[in-house]
Structure formats: structure tokens, C-alpha cells
Amino acid sequence: MSNRKVAVVIGLGVAVMLLVQSGDPLDSARNGPPVWSDSGLLARAVICVIAGCSLLALGWLHGLLFGPLEMLRGPDDVGYIAEDGRSRAQAANEVRRRRKTGELPPVFPNGWYRVLDSRRLQIGEVKSVSVLGEQVAVFRGQDGTAYVVDAYCPHLGANLAVGGRVVGGCIECPFHGWQFRGNDGKCVRIPYAEKVPEFAKVRCWPSCEVNGQILVWFHCDGEDPRWTIPEQPEITTGEWVYRGRTEHFINAHIEEIPENAADIAHLAHLHTPAITSGVDLRYTNSRAWEFLRHDWKVQWEPEPEPNKHCSQMSVKHALTVFGCHCPLLDVRVVARQVGPGVVFLLFDHSFLGRGVILQCVTPVEPLLQWVSHTIFYQSNIPPLVPKFVLRAECIQFERDVMIWNNKKYISKPLLVKEDSAIQKHRRWFSQFYSENSPQLQYQRDTLDF
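Residues numbered from 1 in each chain as written. Predicted model: local features only at pLDDT ≥ 70, side-chain atom pairs only at ≥ 80, totals over all residues. Heavy atoms only, no water.

By the naming in an unreviewed UniProt entry, the protein chain is cholesterol 7-desaturase, taken from Gasterosteus aculeatus aculeatus. For the record of the protein chain, the UniProt heading Sequence similarities (unreviewed entry) holds the text "Belongs to the cholesterol 7-desaturase family." Database annotation for the protein chain, UniProt heading Subcellular location (unreviewed entry): "Membrane". (UniProt positions renumbered as here; feature names shortened; annotations may be inferred.)

Structure (C-alpha cells):
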């Protein structure tokens, strides 16, 4: 239960307790505090309201100072312009319906993808997740191991994640009680059958749990994982602690998002205006905030063997106020991408401390990406610092969202020599596609006369 909810419950409890006090006023005068004996019902109500508001304020202040920052955006919350009386959902639907997608690469690259945060899956718990055009059941066995299997029971199609329960290291179907092992998907028990058929099994996804996240491996040809997600030691040891996360849904091809790392020119135009100018691109260049500017120096390079599935972007950030450089806020960030779906944004600042933002891009559908940013930071740094870092990153990211949600993918872009890193990035990213990688399938309605 959140701090605010606790405060509300306590405040209401105190209010009810005081307002329903009854009895002889003389008894109250003899036994109760004088403040209540001399006060009427209205005075009591006023004092209770003040007490409740104070508790709410304390809960809010505690959350601000010590709680994690969590901002979870819906698919229609960011990146669309709602005009002429339309809602954001209506604007988003219209853009999705009318937008040209272009000649797209395959929609699901081979690699590791986040499906859930570890802290959201307790022992014996089951979660339903949509990933890579599939429904999966994520559950944690009684031994603490997390497993990922196809959600639909091969018997009669019940969803294992909706009403299913964990039995040891197995998940039990809520419909007929069939039990499937998490490590290989094999059915080990059918309550009413004498024998379990050898071929009775559910698809089991290769998975791992690292850095506080549960990830699955996808390969269109069913090949085993070709690399692993590196462990961040400071997270494992507890030196860096969880300070918050943001989530967004992006209506674009997955490759558009990591390609930003190589699009160096867009930083000077899209991300130079101060974060205080907001995320709506119609107003970010407002003169009111011209005195505050972000300056960026960026370099992107792929890594050589044996880490050819990785790339690195080095970022140097500087802030100017009225044209004067503020060295205290100079930040250096190394963004290391591991495969198509995971990025480590490593911060190291002499004053603000050290930490990492884990950016994970997971395809939900061919043109719908689930993007999360989870921050872990030094435990001895006040939580307000990493929360500010995450909030600032969120603002800059949402500016990109407005571009991605409305743009067309150009397979053969018109580039100048200063854009050479973009073509280099596309060649690097192509390694995550195979001959059988799934392509976007269009469904066209026709009218025959």
C-alpha cells in the first residue's frame, strides 16, 4: 500500500473514531481531554480534517524524499496532438490509421527482451505478459526460479496465467488441472488420466534473471542464445539500489529507437532546448527558456568481436545559463547497447554520484514497443538526485516519442556525409535479423463490384 493510501486510512480512522464518540457530556468532561468536552461536532470535524490533511502532506513529502519515481505512460498518453475537441485516444487512433509505415525491416529481431521486473513476481505468483506478438505466462516456482512459458494450455486453450497456480516448479492449468514443468514445458500430471502422453508439453521460452529483471530469448529459427546479458555488479551487491522507473508504449518499428544513438545531428536540434520547456515540440523552442540550453557531444561505435552484438555511445553533456557554462552539471554517460533490446546508461559524476539506467525495448506487436527505463543509484546519494536524473531523461525521451509516433520509416534515407553513423548503425543492427525473421503482414479489405 502506498504512503498516501496509508495516510488516508489513518486519517479516516481517526476522524470516524472521534466523530462517533458518544456518551454523557459530564462523563466526557470528567474522563476525556478538555479540548473535546468543550468542543462541538463542527469543531471536532475541523480538527479531524486538519489532522487528515497533515497526514496526507506527510505521506506525500515522504514519497517525494524517499520513495521511487514511477511514471507509467499509456499508449495514447504521449506523442500525439489532440485538437478540434478530440481526445488523445482519438488522435492516436487517427494517426495510426493514416500513417504510412514505409518499407520495414523484419519486425522481431533476434535477441534478449525484458518481460518483467523481478520485484513484481513473488514466489508462487503468475503474471500474464504480451511480448513479440505472443501471450506468455511468467511464474516463479517455489524454489525462487522464474520461468516463462506460452500462456495457452495445449489441451483446450485455457490461459495458464489467468487463474493458474504454481505447484513446486510447475504451473497448473485452471481449467482441468494439467501441470507443466517450468524448465522444459513438459506436462507431468493430468489429474484424471492414467498416463501423461510424452508429447504433451507447452512451449518453454529460454529466460534469465539478471539486474533485477526477467528476460526471454527470441530467435525466429529457435536457436539457443548466442550471448548473455551482462550482470551489473553494483546492483547484485546492493551498492546501487532501485530509485524508480518509467514506461512508455511507442508506435513505431523497434529499430527506430536504438537508431537514435547514431543520429547525432538530432541532439542539437531536438534536445538542446531546456527540459523546463517540456515535451510538446510545438513549444520546446519557446523564447521564455532560451537562456537555458543543453549542449551535447556524442560518438557512436560498434564493438569488435567477441562483442559484435554490442555498441557504445559516449555522451558529454553540458548546461549553459545565459551563455555561461555550468561545469557542476557536466555529465558523462556511456550508453552500451547489448543486442536489440537492452541498453546500459552508465552515469559517473564527481558530485552527483554513480548509477545506471537500464533501457529495455520489448516488441509487444510488430509496430508497438514497450520501453522501460529503470534507474539504480548509489544508496548513499539522496533519492532526489537519481529521481531528478530519471525525470530529466524522461522529458528528453518523450520528445523522441512524439517523433517516433508520427514518422514513416525510410528504408533508403537521403543522408549527408555528417549522417554516416546512421548507415553504419543500420548495418550493425542487421545482424539481429535472419532469413526467416517475421515480416509485417498487411490485411487489405477489398470491394468487388
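Novice: Would you mind showing me how to read the sheet that holds strand β8 (residues 179–181) here?
Specialist: Whether parallel or antiparallel, the strands of a sheet pair through hydrogen bonds between backbone atoms. Taken together, four strands build an open sheet; the order of strands is β6-β7-β8-β9 and the sheet is antiparallel. Edge strands, defined here as strands with exactly one partner in the open sheet, are β6 (165–167) and β9 (187–189). Shown here is a sheet whose adjacent strand axes are inclined to one another by a mean of 40 degrees, direction ignored. By the bridge criterion, three bridges tie β6 to strand β7 (residues 170–172) in an arrangement that is antiparallel. Within β7, the residue paired with Val167 across the bridge is Cys170. (Pairing = 2+ DSSP bridges. Helix = DSSP H or I, 4+ residues; strand = E, 2+ residues; numbered from the N terminus. Axes fitted to C-alpha atoms, helices over the stretch in contact; angles between N-to-C directions.)

Novice: Sorry, what's going on with the UniProt feature "transmembrane region" (unreviewed entry) in the protein chain here?
Specialist: Residues annotated in UniProt with the feature "transmembrane region" (unreviewed entry) correspond here to residues 41–65. What you have in residues 41–65 is 100% helix and 0% strand, and the ends, taken at the C-alpha atoms, are 36 Å apart.

Novice: Any chance you could explain unusual backbone geometry here in plain terms?
Specialist: A cis amide bond, omega 5 degrees, links Glu305 with the succeeding residue Pro306. Summarising the element assignment, Pro306 is placed in the loop between β13 (292–302) and β14 (310–321). A positive phi angle is found at Asn211, which is not glycine, with a value near 55 degrees. Within the element layout of this structure, Asn211 appears in the loop between β10 (207–210) and β11 (213–218). With a relative accessible area of 5%, Asn211 lands in the buried category. (Buried < 20%, exposed > 50% of the residue type's maximum accessible area, 1.4 Å probe, protein only.)

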